[in-house]
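Single-letter residue listing:
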Amino acid sequence: GNRDLTVFTGTFTAEHQQRDWFIFNTKLEARYGQSNGSRAVDNSAFRLRFDWRPRDLASPFLGADVERDAIRRIRTRVSGGAGVNLNLISRDDRRALIAFGMIGEVEYRDPGISPNEVGEVRFHTRTSYFNALSRDVTLEGTAKFQPAVRDAADYLASSEALVRVRLSQSLALTTRFEWKRDSRPAPGVTSRDDRTLTVSLAIAF
């Protein structure tokens, strides 16, 4: 039947690059939406990432995330870890890598949920690809898989595909598809998967 869906989404990214030495990236993202007057989407995240000697064959990295998701009943999830990127292709117009590491996380759930606090140590694997098809069109893809060390059936997985078309020196039209899975969500959450398709205008300055 018919439904009224309103969604707000926003992302702010700041990055400092010394391409031969390091990349330091911060990202703040938020999403909120209602469907037929009821809250359907409500999440936000702050992410930090540091890559050392990103053009080398083996590039160490550090990362930390703070997330919340009211719909998935996550009050706060804090995670951090380290690992190494293996750069399979490292050119200005094309990049491909696979990453391995370890992360630790603590998840605080909404009051009344048992268990209310969950901690895990996870293996971290990530593949990433970037391709500049032309001066104005780029493709990006990322996939992550993070199984718990003590139980591989408890995992987080995600993938993202992005097409960016530059409209001017500072404006770009971005189409992004994201898929996320939590194999063991908090009690009361009926879906393991989230899927999002976003078309947005990006402003660079």
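What you see is a predicted model; the values in this text were computed from it and never measured. (Residues numbered from 1 in each chain as written. Predicted model: local features only at pLDDT ≥ 70, side-chain atom pairs only at ≥ 80, totals over all residues. Heavy atoms only, no water.)

### Quick word on the overall build of the chain
Working step 1: Assigned secondary structure in the chain consists of zero helices and 11 strands.
Working step 2: Of the regular secondary structure in the chain, the N- to C-terminal order runs β-β-β-β-β-β-β-β-β-β-β.
Working step 3: A principal-axis box enclosing the C-alpha atoms of the chain has dimensions of 50 × 45 × 25 Å.
Working step 4: When each of the 205 residues of the chain is scored for burial, the buried share is 29%.
Working step 5: When contacts within the chain are restricted to residue pairs at least 6 apart in sequence, long-range pairs at least 24 apart make up 45% of them.
Working step 6: Accessible surface, the chain as shown: approximately 12400 Å² in total, 57% of it carbon and sulfur.
Working step 7: Side-chain charges in the chain split into 31 positive and 26 negative, and the spacing between the mean points of these groups amounts to 2 Å. (Helix = DSSP H or I, 4+ residues; strand = E, 2+ residues; numbered from the N terminus. Buried < 20%, exposed > 50% of the residue type's maximum accessible area, 1.4 Å probe, protein only. Contact = heavy atoms within 4.5 Å. Areas by Shrake-Rupley, 256 points an atom, 1.4 Å probe, with all protein chains shown as cover. Lys, Arg positive; Asp, Glu negative; His and termini not counted. Charge placed at Lys NZ, Arg CZ, Asp CG, Glu CD.)

### Digging into the environment of Q146
Working step 1: Inspection of the secondary structure assignment puts Q146 in strand β8 (residues 137-147).
Working step 2: In the structure, Q146 is positioned 14 residues away from E160 in sequence and 15 Å away in space, judged by C-alpha atoms.
Working step 3: The residues contacting Q146, other than those within four sequence positions of it, are I103, R122, F123, H124, D154, Y155 and L156.

### Topic: the sheet that holds β8
Working step 1: Ordered by their spatial adjacency, 11 strands build an open sheet running β1-β2-β3-β4-β5-β6-β7-β8-β9-β10-β11, and the pairing between neighbours is antiparallel. Each edge of the open sheet is held by one strand with a lone partner, namely β1 (5-18) and β11 (193-203). Strand-to-strand twist across the sheet, computed as the mean angle between neighbouring axes with direction ignored, equals 15 degrees. (Pairing = 2+ DSSP bridges. Axes fitted to C-alpha atoms, helices over the stretch in contact; angles between N-to-C directions.)

Take it as geometry only, folks, not as evidence of what the structure does.
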